[in-house]
Amino acid sequence: MVSSFSGDETAPFFGFLGAAAALVFSCMGAAYGTAKSGVGVASMGVMRPELVMKSIVPVVMAGVLGIYGLIIAVIISTGINPKAKSYYLFDGYAHLSSGLACGLAGLSAGMAIGIVGDAGVRANAQQPKLFVGMILILIFAEALALYGLIVGIILSSRAGQSRAE
């Protein structure tokens with residue numbers, strides 16, 4: 001008996017792995033950024049409670065990272081339907097790379113936001129002129145995750161272009 005295994009039967013595994021990677025890694029970055037900058041906000045709030053709401057910016061920016069991962073995970077998972085359309089290894093690898101690009105960019109951005117947010121809100125409590133500089137650094141850190149989201153969307157759009165049907 002001859003097996004008709006072509007390898008494409010395992011392709012959805014890689015696609016779903018990409019969706020999971022996007023969500024898990026970006027949420028890990030969001031959680032780290034929220035926790036680390038939240039510690040800074042709590043510690044600063046003891047000295048200057050009137051600045052707590054102004055200092056919540058890093059926590060919000062870290063929370064957005066999880067949304068980036070969710071977007072890519074939804075895009076990937078809706079693109080996996082082997083019953084409706086053939087799903088090849090190329091498609092699975094495209095979705096895996098899409099998820100990893102977004103997820104790991106979100107993780108690194110979350111680490112940057114957490115560290116800058118923690119130090120920035122503490123420094124802002126002592127010297128209010130540092131607020132604008134802290135916000136600019138946070139924006140550039142958030143941009144790293146945005147780059148991952150854009151690349152993830154581009155890579156995900158490549159799925160389905162492996163063979164002419």
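For the structure, check the block above.
Residues numbered from 1 in each chain as written. Predicted model: local features only at pLDDT ≥ 70, side-chain atom pairs only at ≥ 80, totals over all residues. Heavy atoms only, no water.

Applying the stated criterion across every chain, the model contains 3 salt bridges. The partner of Lys 36 in a salt bridge is Asp 118, with the nearest N and O atoms 3.5 Å apart. Here Lys 36 is found in helix α1 (residues 11-47), whereas its partner Asp 118 is found in helix α3 (residues 89-126), with 82 residues between them in sequence. Asp 118 gets classed as buried once you look at its relative accessible area, which sits at 11%. (Salt bridge = Lys/Arg side-chain N within 4 Å of Asp/Glu carboxyl O. Helix = DSSP H or I, 4+ residues; strand = E, 2+ residues; numbered from the N terminus. Buried < 20%, exposed > 50% of the residue type's maximum accessible area, 1.4 Å probe, protein only.)

Relative to the elements of secondary structure, Ser 26 occurs in helix α1. We classify Ser 26 as buried; its relative accessible area is 0%. Engagement of the side chain of Ser 26 in a polar contact is seen with the backbone oxygen of Ala 22, the distance being 2.6 Å. Residues contacting Ser 26, with those up to four places away along its chain left out, are Ala 21, Leu 65, Gly 66, Gly 69, Gly 103, Gly 106 and Leu 107. (Polar contact = N/O pair within 3.5 Å; in protein donor to acceptor, adjacent residues only side chain to side chain. Contact = heavy atoms within 4.5 Å.)

Once that is clear, we can look at the environment of Tyr 68. Assignment of secondary structure puts Tyr 68 in helix α2 (residues 57-78). Here Tyr 68 falls in the buried class, since its relative accessible area comes to 13%. Taking the C-alpha atoms as reference, Tyr 68 lies 9.7 Å from Gly 152; in sequence the two are 84 residues apart. In this structure, Tyr 68 is in contact with Cys 102, Glu 142, Ala 145, Leu 146 and Leu 149, ignoring residues within four places of it in sequence.

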